[in-house]
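# Results of the structural survey
Here is how the chains run, residue by residue.
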Amino acid sequence: MERLTPLSAAFLQAEDEDPTTTMAIASAAVFEGPAPTQQEFVAHISGRLPLVPRFRQKVRTVPFDLGAPVWVDDPATDVHWHVRRTALPAPGGEAELYRLVGRVMTARMDRTRPLWEYWVVEGLAGGRWAVLQKGHHCLVDGVSGTALYDVVFDTSAEPRAAVPDEWRPQPEPSSLSLTASAARDLALVPVNLTRDVAALLRSPRALARRARATATGSLALSGAALPVTSTSLRGRMGRQRRYTATTASLTAVRQVRTAFGASVNDVALAAISGGFRDLLLSRGEEPHRHAVRTLVPVSARLPGEESIPDNRVSLMLPYLPVDLADPVRRLAEVGVRIDEAAAAHEPEAGASLTSFAEHNPFLPVAVAVRLAFHIPQRQLVTVTTNVPGPRQTVYALGRRCSRIVPYVPIADRVRIGVAVFS
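All of the points below concern the structure found in this document.

## Re the sheet that holds strand S4 (residues 70–73)
Strand order in the open sheet formed by 3 strands is S1-S4-S3, with antiparallel pairing between adjacent strands. Strands at the two margins of the open sheet, each flanked by one partner only, are strand S1 (2–3) and strand S3 (57–60).

## Considerations on the sheet that holds strand S10 (residues 382–387)
A sheet is described by the order of its strands in space; here 4 strands give the open sequence S9-S8-S10-S13, paired in mixed fashion. Of all the strands in the sheet, just strand S9 (313–316) and strand S13 (416–421) have a single pairing partner and so form its edges. Neighbour-to-neighbour, the strand axes of the sheet open up by a mean angle of 25°, direction not taken into account. Of the pairings in the sheet, the one linking S10 to S13 comprises 6 bridges and is parallel in character. Residue Asn386 lies in a different strand from S13, and its bridge partner there is Val420.

## Considerations on the pairing of strand S7 (residues 128–136)
Taken across its 9 residues, S7 has 8 buried, putting it largely inside the fold. As defined by bridge partners, strand S2 (residues 24–31) adjoins S7 across 8 bridges and the pair is classed as antiparallel. Bridging across to S7, Ala24 finds its partner in His136. Hairpin connection, strand S6 (residues 116–124) to S7: the antiparallel pair is bridged by 3 residues, and Gly126 has positive phi, about 75°.

## Structural notes on the environment of Ala372
You can see Ala372 is positioned in helix H12 (residues 362–372). Sequence separation between Ala372 and Asp412 is 40 residues; the distance between their C-alpha atoms is 9.5 Å.

## Overview of the nonpolar core
Within the largest apolar cluster, 55 residues are counted, with the highest numbers of intra-cluster contacts made by Phe31, Phe41, Ile45, Phe55, Leu97, Tyr118 and Phe153. When residues of this core are traced back to their parent elements, those giving at least two are S2, helix H2 (38–46), helix H4 (94–106), S6, S7, helix H5 (142–152) and strand S12 (399–407). Of the residues forming this core, the biggest block, 7 residues, is contributed by S2. Residues within four places of Tyr118 in sequence aside, it is in contact with Phe41, Ile45, Phe55, His82, Val83, Arg84, Val131, Leu132, Gln133, Leu148, Val152 and Phe153.

What counts and what doesn't
- Residues numbered from 1 in each chain as written.
- Predicted model: local features only at pLDDT ≥ 70, side-chain atom pairs only at ≥ 80, totals over all residues.
- Heavy atoms only, no water.
- Pairing = 2+ DSSP bridges.
- Helix = DSSP H or I, 4+ residues; strand = E, 2+ residues; numbered from the N terminus.
- Axes fitted to C-alpha atoms, helices over the stretch in contact; angles between N-to-C directions.
- Buried < 20%, exposed > 50% of the residue type's maximum accessible area, 1.4 Å probe, protein only.
- Core = buried A, V, L, I, M, F, W, Y, C linked by side-chain atoms within 4.5 Å.
- Contact = heavy atoms within 4.5 Å.

Encoded structure:
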């Protein structure tokens, strides 16, 4: 049995503790028409299942949180249940598509089944159609979710043949066996810790560098315990989700990057900062320097790990410079704050924290996570994630993809999430 990491399990626990939270991520891909039949698309997804083993596994929790939840085979996996079909009302424009995304992402996923869905959407203007790819955050993060496009779909107009399927599901473990396995893992924690410490001590210089970076980063992250300036951007939430999207020219973004010595991510965050500033001013509120702190996910994946289904991510917690009216100054300040967070080793500290949780008993980690969701969160206003999209044109059953828009979940008084997709 393969256990979820504490980070992946935390996305499930967030739903357990907060009835307004649904921790699924998604993206909507628009394709040229005509739309395939339901039978054709179901057959297509069925032919890719051997490439994504998680699509035929479900989550089982361990009694009393003695161990992290585990992935177990689901012999009752029904592709027809996971592949849905719907149609947009006229005129089938972006507004209608985005309302559908909000409605689909409002609904929680059924944890008694594998945690993925594909929605085939008919009725887009111009004879087009769309696919809404939805997966629970315990299954994939932004990078691995994007990698599914390369696995499930094609990179040419000629569809690949179905993959031979020799899958034989393993018997589902009983609650007793899950408990016994977790108890055995608990007994081995001291042994494993001793082994890990011995391995670290064999490289004292590397250990010293890592300890120094973790300490520096932890000190920097501790500053995020201070609450943000109170605005209408943060507060209690309901279950309903609303969604919209826009596009910008990547060529123009690169021109700005080159002209001002910034990064593409800096340009994106500067634009987002301007959006939050305008929103606050439109509500008659002061865009204070400490009004908008954001969680910026940082991928911790090594090259070649993009398609591994899991969460391998750290974070930075900078303030967005919503107090600056001049967009050029705003861009420069974003670069300064991101560089400061990186120099302070915030991502390394976040990675060390998740690694510490993975190497210690799950129960105290789970208790801490569950308790955290009962304490009103006043430190974060938004999450802003920038995920590189597919590097080649995507095709579904010979139809070319013209656009993909992403969705990032929100929770714990974070009312607005922003996802950037190239």
